[in-house]
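Chain residues, written in single-letter form:
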Amino acid sequence: MSARFVTDSELNASLERIFREAKEQLILISPYIMLHDRLQAILKTRLEDDMLDIVVVFGKNEEDPSRSMKRSELEFFMQFPAIEIRHERRLHAKYYTNDKEAL
């Protein structure tokens, strides 16, 4: 597998594909978590799926983590049966992956 840079619409399409094609694992690492409506819609179809393990790591804003992930996003993620949410105060990276693909 080779690495390459993606931007603009290809970046959005890759991210949607990672969400849509996650079978057993979805890992989201980003200083800020703000889910677009399309990404939320993809995940909503998996609300009852206890086979999908989701890990969310967000960061920055050590004084106020809610600036890195809004309450509405947190409440959305908390609906999933197999979810782990962590705050890393010094996070600067972004990494999104499922069973087969990473971005």
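Owing to the predicted nature of the structure, the values given are computational and were not obtained by experimental measurement.

Trainee: Help me out: how do you make sense of the overall build of the protein in this one?
Mentor: Looking only at helices and strands, the protein has three helices and four strands in total. Reading the protein from its N end, one meets helices and strands in the order α-β-α-β-α-β-β. Over its C-alpha atoms the protein spans a radius of gyration of 13 Å, differing by no more than 12% from the 13 Å that the globule rule assigns to 103 residues. When the backbone C-alpha atoms are referred to their principal axes, the protein occupies close to 40 × 35 × 20 Å. Every one of the 103 residues in the protein was classed for burial, and the buried ones make up 37%.

Trainee: Whenever I open this one, unusual backbone geometry confuses me. Can you help?
Mentor: Of all residues except glycine, most have a negative phi; of all peptide bonds, most are trans. At Asp8, a residue that is not glycine, the phi angle is positive and equals roughly 50°. Relative to the elements of secondary structure, Asp8 occurs in helix 1 (residues 8-20). Take Asp8: its relative accessible area is 60%, and that puts it in the exposed class.

Thresholds, definitions, all that
- Per chain, residue numbering runs from 1 following the sequence as it is written.
- The predicted nature of this model means local features are confined to residues of pLDDT at least 70 and side-chain atom pairs, given and counted, to a pLDDT of 80 or more, with totals for whole chains, interfaces and linings taken over all residues.
- To obtain the side-chain values, all non-hydrogen atoms of the structure were used and water was disregarded.
- Here a strand is any run of E in DSSP of at least two residues, a helix any run of H or I of at least four, and the numbering for each starts at the N terminus.
- Taken over C-alpha atoms, the radius of gyration is set against a globule rule of 2.2 Å times the number of residues to the power 0.38.
- Exposure classes here rest on a 1.4 Å probe applied to the protein chains alone. A residue is buried below 20% of its type maximum, exposed above 50%, and partly exposed in between.

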